[in-house]
Amino acid sequence: LAKTTQPISMDSYEGQEVNITCSHNNIATNDYITWYQQFPSQGPRFIIQGYKTKVTNEVASLFIPADRKSSTLSLPRVSLSDTAVYYCLVGAGRYRNNKFYFGSGTKLNVKP
Amino acid sequence: EAGVTQFPSHSVIEKGQTVTLRCDPISGHDNLYWYRRVMGKEIKFLLHFVKESKQDESGMPNNRFLAERTGGTYSTLKVQPAELEDSGVYFCASSQARDSTDTQYFGPGTRLTVL
């Protein structure tokens with residue numbers, strides 16, 4: 001079981017960069033790291049996925065150190081609409097029988 | 001392209017009744033998953049279909065829960081008889097291929113309330 005640990009909550013202000021770090025000490029060789037965003041009354045929404053080093057897409061960047069025991073989701077210039085719960089997930093894919101193990105997530109509160 | 005859809009969005013039933021939840025995955029996605037979040041807890045995996053076959057149902061809580069995916073398209077999750085502790089939000093997700101980079105796309109969920 002690839003357990004993840006994230007801060008329960010974070011506060012930020014509009015326009016700031018937000019970095020959310022996740023620990024996954026027992027990540028397996030074949031595990032990928034995936035981040036999801038969830039708004040109230042909606043299902044989790046895929047943000048970004050990576051295996052090592054850095055991945056960037058139109059909404060976020062994901063930094064993964066060489067030992068892969070942690071990862072950091074970076075959200076540039078957040079807005080009020082980025083207020084949501086962010087989940088760091090490790091695994092899925094055929095090596096983990098395609099299961100995602102959700103932790104408690106990080107509740108990000110963006111203030112004006 | 002339409003996303004994962006779930007029906008109903010909300011269901012309120014009494015203890016002992018039966019409820020059936022439906023999930024329509026993204027067209028062409030062979031993999032279909034059910035998850036649920038009960039009040040105050042984390043989202044937990046229930047089971048995984050590959051086409052019409054149950055690949056993994058290790059997360060199903062007990063034999064009151066029955067999931068089917070006849071024809072490998074939509075899936076249903078039946079709870080019979082429902083108990084109070086079954087209340088929560090049931091999410092369905094689908095993905096295209098079984099590889100380590102496969103992205104799961106989630107539906108909006110069905111909120112089940114058992115009174």
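The structure presented is a predicted model; accordingly, all values stated were derived computationally and were not measured.

Cut-offs used in this document
- Residues numbered from 1 in each chain as written.
- Chains lettered and ligands numbered in written order.
- Predicted model: local features only at pLDDT ≥ 70, side-chain atom pairs only at ≥ 80, totals over all residues.
- Heavy atoms only, no water.
- Salt bridge = Lys/Arg side-chain N within 4 Å of Asp/Glu carboxyl O.
- Helix = DSSP H or I, 4+ residues; strand = E, 2+ residues; numbered from the N terminus.
- Buried < 20%, exposed > 50% of the residue type's maximum accessible area, 1.4 Å probe, protein only.
- Pairing = 2+ DSSP bridges.
- 1 Å grid on protein atoms, 1.4 Å probe; cavity = no way out; pocket = protein on both sides within 12 Å on 5 of 7 lines; lining within 4 Å.
- Points joined across faces, edges and corners; volume = space filled by probe spheres on them.
- Nonpolar A, V, L, I, M, F, W, Y, C, P; charged D, E, K, R; others polar.
- Core = buried A, V, L, I, M, F, W, Y, C linked by side-chain atoms within 4.5 Å.
- Contact = heavy atoms within 4.5 Å.
- Phe/Tyr/Trp six-rings, centres within 6.5 Å; stacked < 30°, edge-to-face > 60°.
- Lys NZ or Arg CZ within 6 Å of the ring centre and 35° of its normal.

(A) Quick peek at the pattern of salt bridges. Residue and element names in this part refer to chain B. Counted by the stated rule, this structure contains six salt bridges over all chains. Note that arginine 22 is salt-bridged to aspartate 24, the shortest N-O span being 2.7 Å. Here arginine 64 makes a salt bridge to aspartate 86, at a shortest N to O gap of 2.6 Å. Placement of arginine 64 in the loop between strand S6 (53-56) and strand S7 (65-68) and of aspartate 86 in the loop between strand S8 (75-79) and strand S9 (88-95) is noted, with a sequence separation of 22 residues between them. Among the residues examined, arginine 64 registers a relative accessible area of 12% and is labelled buried. Residue class for aspartate 86 comes out buried when judged on its relative accessible area of 1%.

(B) Layout of the pairing of strand S7 (residues 70-75) of chain A. All names here are of chain A. With five of six residues buried, S7 lies mostly within the body of the structure. Examined bridge by bridge, strand S6 (residues 61-64) and S7 share three bridges and lie antiparallel to one another. Bridge pairing in S7 links phenylalanine 63 to threonine 72. Hairpin connection between S6 and S7: a loop of five residues separates the two successive antiparallel strands, and arginine 68 in this loop has a positive phi of roughly 60 degrees.

(C) Here's a closer look at the layout of surface pockets. Put simply, the largest pocket is a space of about 680 Å³. Along the walls of the largest pocket sit 31 residues, with Gln38 and Ser41 of chain A together with Arg37, Val89 and Arg111 of chain B positioned nearest its centre. Among the elements of the structure, strand S8 (84-90) of chain A together with strand S4 (31-38), S9 and strand S11 (110-114) of chain B are those that each provide at least two residues to the lining of the largest pocket. Residues belonging to the lining of the largest pocket are distributed by class as follows: 13 nonpolar, 13 polar and five charged. Quantified by volume, the second largest pocket comes out at close to 450 Å³. In terms of lining residues, the second largest pocket is bounded by 24 residues, among which Tyr101 and Phe102 of chain A together with Glu42, Ile43 and Lys44 of chain B are the most central.

(D) Highlighting the environment of leucine 46 of chain B. Residues and elements named next belong to chain B. Its place among the elements puts leucine 46 in strand S5 (residues 44-50). A residue is classified by how much of its surface remains accessible, and leucine 46, at 2% relative accessible area, is buried. As for leucine 46 and glycine 28, which are separated by 18 residues in sequence, their C-alpha atoms are 22 Å apart.

(E) Quick peek at the nonpolar core. With 21 residues, the main nonpolar core has Trp34, Leu46, Leu47, Met60, Leu77 and Tyr90 of chain B as its most contacted residues. The set of elements that each furnish at least two residues to this core consists of strand S3 (19-24), S4, S5, S7, S8, S9 and S11 of chain B. When sequence neighbours within four positions are dropped, the list of residues in contact with tyrosine 90 of chain B reads Gln6, Leu21, Trp34, Tyr35, Arg36, Leu46, Phe65, Leu77, Gly109, Thr110 and Leu112 of chain B. Membership of the second largest hydrophobic core comes to 20 residues, among which are Cys22, Ile47, Leu75 and Val90 of chain A.

(F) Layout of the packing of aromatic side chains. Evaluation of the coordinates by the stated rule reveals ten aromatic pairs over all chains. Both rings, one in tyrosine 87 of chain A and one in phenylalanine 102 of chain A, keep their centres 5.2 Å apart while their planes meet at 85 degrees; by these two values the pair is edge-to-face. Here phenylalanine 102 of chain A lies in the loop between S8 and strand S9 (106-111) and tyrosine 87 of chain A lies in strand S8, a separation of 15 residues in the sequence. Taken individually, tyrosine 87 of chain A and phenylalanine 102 of chain A each receive the classification buried, so the pair is uniform in this respect. Centroid distance tyrosine 35 of chain B to phenylalanine 106 of chain B: 5.3 Å. Interplanar angle 45 degrees. Geometry classified as tilted. You can see tyrosine 35 of chain B sitting in strand S4 and its partner phenylalanine 106 of chain B sitting in strand S10 (residues 105-106), a full 71 residues away along the chain. Residue classification places tyrosine 35 of chain B among the buried positions, given a relative accessible area of 0%. Residue classification places phenylalanine 106 of chain B among the buried residues on the basis of a relative accessible area of 11%. Taken together, Tyr36, Phe46, Tyr87 and Phe102 of chain A together with Tyr33, Tyr35, Phe45 and Phe106 of chain B form an aromatic cluster joined through their ring pairs. The ring of tyrosine 51 of chain A is capped by arginine 68 of chain A, whose NZ or CZ atom sits 3.9 Å from the centre of that ring.

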